[in-house]
Amino acid sequence: MSENIELKVSPELKEKPDFSQLTFGEIFTDYMLSFEYSLDQGWHDLKIIPYGPIELSPAAQSIHYGQAVFEGLKAYKHDGEVVLFRPEENFKRINQSLERLKMPQIDEALLLEGLKQLVDVDREWVPDGEGQSLYIRPTVFATQGVLGVHPSHEYRLLIILSPSGSYYGGDSLRTTKIYVEDEYVRAVRGGVGFAKVAGNYAASLLAQANANQLGFDQVLWLDGVEQKYVEEVGSMNIFFVIDGKVVTPSLNGSILPGITRKTVLELAESLGYETEERRISIEELYELHQSGALTEVFGTGTAAVISPVGTLQYRDEEIVINNNETGPVTQKLYDHYTGIQSGKLEDPHGWRVVVPRYDR
Ligand code: COI
């Protein structure tokens, strides 16, 4: 087994909240993982420290120029064991995001080891209720305090943990109302759409707030060139069931390569569905709905899980999907996906990673 990472013991542990009332991302555990980078030392000082406020230069480049990336993954508890779901995929993707923002690469195996040890220390915080998990949020941000626009010489990585319930609140399979955004765009050709960078989410907030005001849960983004092709939803990738086939927009550089997206494609194939990744326009979708070929729409994301879409509104025209109910394909994928994650089903693909008990 690997060497223990330094643990700075917290003088006082928090009282655990009422796990039956968990919302998304509002409560944090006792500890976090911290890793620092400087030009002369590279990545150094990996340690587990008490969760709490950090010191940051007011001139830190992440605050001024948005040099910051993040990830999202989950841990589950089943039969007393804590498991992570496909964590190596998140660390592969964090390096892709880091590369795009000219930030230093991180040793993925070391990061995974650090995460396992952190989750082990906080294992009592992993909830085991229906639809609950320990949401894991790694983030890397520039910390050098200078105002010239150049890649920072100093960075910090933190991994924080949040016992969470469903992202949209209430029932995970509540159908959502989606507004097709035709004014603002999320990403452009050659931009940072494929990377999990903080600014992508800041750039989405105005359209998201406008849609919320009109009673919608999220916006569906169209491509940034012609505003014609469907890309992704605020915090999810998007899927369509068309003539029984599971279809999602192909990755084109401006769509986030979601790990749940990848998992759902693999799962759908193994359940015997035909899958397709292709360009699909909003007009075509409306025509497919009219002809009856489009039977289900759902979003996928680590936080959102598999989330059925009940209505889509594009300009003045609203379409209702599957009577505003969760369709059979969505339900089947949801059951298998969450079943494998939580340990209720077998894991034939080897997606679960057990968190060992370290001797401390
Ligand atoms: C996730 O699904 O983990 C995300 O990062 C989406 C969102 C909560 C920002």
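Residues numbered from 1 in each chain as written. Predicted model: local features only at pLDDT ≥ 70, side-chain atom pairs only at ≥ 80, totals over all residues. Heavy atoms only, no water.

### Focus on the packing of aromatic side chains
For the structure on display, the rule yields 12 aromatic pairs. Between the aromatic rings of phenylalanine 85 and tyrosine 337, the centroid separation amounts to 5.6 Å while the plane-to-plane angle is 85 degrees, which identifies the pairing as edge-to-face. Residue phenylalanine 85 is found in strand S6 (residues 81–85), and its partner tyrosine 337 is found in helix H8 (residues 328–342); the two are separated by 252 residues along the sequence. Overall, phenylalanine 85 belongs to the buried group, its relative accessible area being 7%. Overall, tyrosine 337 belongs to the buried group, its relative accessible area being 3%. Ring centres of phenylalanine 239 and phenylalanine 298 lie 5.1 Å apart, and the angle between their planes is 5 degrees; on these two criteria the pair is classed as stacked. A residue pair is termed long-range when its members are at least 10 positions apart, and phenylalanine 239 in strand S12 (residues 236–242) and phenylalanine 298 in strand S15 (residues 294–301) qualify at 59 residues. For the pair phenylalanine 239 and phenylalanine 298, a shared accessibility class is recorded, and that class is buried. Aromatic ring contacts, followed pair by pair, group Phe35, Tyr37, Trp43 and Tyr155 into a single cluster. The ring of phenylalanine 216 has lysine 177 sitting right over it, with the charged end atom 5.1 Å from the ring centre. Its guanidinium or amino end placed over the ring of tyrosine 229, arginine 279 lies 3.9 Å from that ring's centre, counting from NZ or CZ. (Phe/Tyr/Trp six-rings, centres within 6.5 Å; stacked < 30°, edge-to-face > 60°. Helix = DSSP H or I, 4+ residues; strand = E, 2+ residues; numbered from the N terminus. Buried < 20%, exposed > 50% of the residue type's maximum accessible area, 1.4 Å probe, protein only. Lys NZ or Arg CZ within 6 Å of the ring centre and 35° of its normal.)

### Some points on empty space enclosed by the protein
One simple way to see leftover space: roll a probe sized like a water molecule over the atoms. Evaluated as defined, the whole model comprises 2 cavities of 30 Å³ or more. Quantified by volume, the largest cavity comes out at close to 100 Å³. Taken together, 16 residues make up the lining of the largest cavity; nearest its centre are Ser166, Tyr167, Tyr168, Ser172 and Ala304. Mapped onto the domain boundaries, the lining of the largest cavity takes at least three residues apiece from domain 1 (6–166) and domain 2 (176–342). Space inside the second largest cavity adds up to approximately 70 Å³. Taken together, the residues that form the lining of the second largest cavity break down as 5 nonpolar, 6 polar and 2 charged. (1 Å grid on protein atoms, 1.4 Å probe; cavity = no way out; pocket = protein on both sides within 12 Å on 5 of 7 lines; lining within 4 Å. Points joined across faces, edges and corners; volume = space filled by probe spheres on them. Domains from an automatic or database assignment. Nonpolar A, V, L, I, M, F, W, Y, C, P; charged D, E, K, R; others polar.)

### Overview of the pattern of salt bridges
In this structure the tally under the stated criterion is 17 salt bridges. Among the salt bridges present, the one from lysine 8 reaches glutamate 6, with a minimum N-O distance of 2.9 Å. One salt bridge connects arginine 278 with glutamate 276, and the closest N-O pair in it is separated by 3.4 Å. Each of Arg86, Glu89, Lys92, Lys262 and Glu266 takes part in salt bridges that share partners, so that together they form one network. (Salt bridge = Lys/Arg side-chain N within 4 Å of Asp/Glu carboxyl O.)

### Describing the nonpolar core
The biggest cluster of nonpolar side chains holds 38 residues, and the ones touching the most others in it are Leu84, Val119, Ile136, Val140, Leu157 and Ile159. Mapped by element, the contributors of at least two residues to this core are strand S2 (31–38), strand S3 (42–50), strand S5 (73–78), S6, helix H2 (87–100), helix H3 (108–121), strand S7 (133–142) and strand S8 (154–164). Here this core takes 5 residues from H3, the largest share from any one element. Listed in part, the 25 residues of the second largest apolar core include Leu220, Ile238, Phe240 and Tyr314. (Core = buried A, V, L, I, M, F, W, Y, C linked by side-chain atoms within 4.5 Å.)

### Some points on the packing of helix H6 (residues 259–270) against H8
With their axes 11 Å apart at the nearest point, H6 and H8 run at an angle of 110 degrees to one another. On the basis of their axis angle, the class for H6 and H8 is roughly perpendicular. The handedness of the crossing between H6 and H8 comes out as right-handed. Every residue of H8 that contacts H6 at Thr260, Thr263, Val264, Leu267 and Ala268 is listed here: Leu333, His336, Tyr337 and Ile340. Looking at the contact of H6 with H8, its residues break down into 6 nonpolar, 3 polar and no charged. (Axes fitted to C-alpha atoms, helices over the stretch in contact; angles between N-to-C directions. Parallel < 35°, antiparallel > 145°, perpendicular 65-115°, else oblique. Left-handed = near helix turned anticlockwise from the far one by under 90°. Contact = heavy atoms within 4.5 Å.)

### Some thoughts on the site of the ligand
Neighbouring the ligand are Phe70, Gly72, Tyr135, Arg137, Tyr167, Lys196, Tyr201, Ser235, Thr302 and Ala303. In this structure, an oxygen atom belonging to the ligand sits 2.5 Å away from a side-chain N or O atom of tyrosine 135. Between the ligand and threonine 302 there is a distance of 3.3 Å, counted from an oxygen atom to a backbone nitrogen or oxygen. For the ligand, whose accessible area on its own is 280 Å², the fraction buried by protein is 90%. With respect to the pocket detection grid, the ligand is positioned in the largest pocket. Considered class by class, the residues forming the shell around the ligand number 5 nonpolar, 3 polar and 2 charged. (Near = heavy atom within 4 Å. Polar contact = N/O pair within 3.5 Å; in protein donor to acceptor, adjacent residues only side chain to side chain. Areas by Shrake-Rupley, 256 points an atom, 1.4 Å probe, with all protein chains shown as cover. Sits in = over half its atoms within 2 Å of the grid points.)

### A closer look at the pairing of S2
The buried fraction of S2 amounts to 7 of the 8 residues, a majority that puts the element mostly inside the structure. One ladder, built from 7 bridges, connects S2 with S3; its direction is antiparallel. Along S3, the bridge assignment pairs serine 38 with glycine 42. In sequence, S2 turns back onto S3 through a hairpin of 3 residues. (Pairing = 2+ DSSP bridges.)

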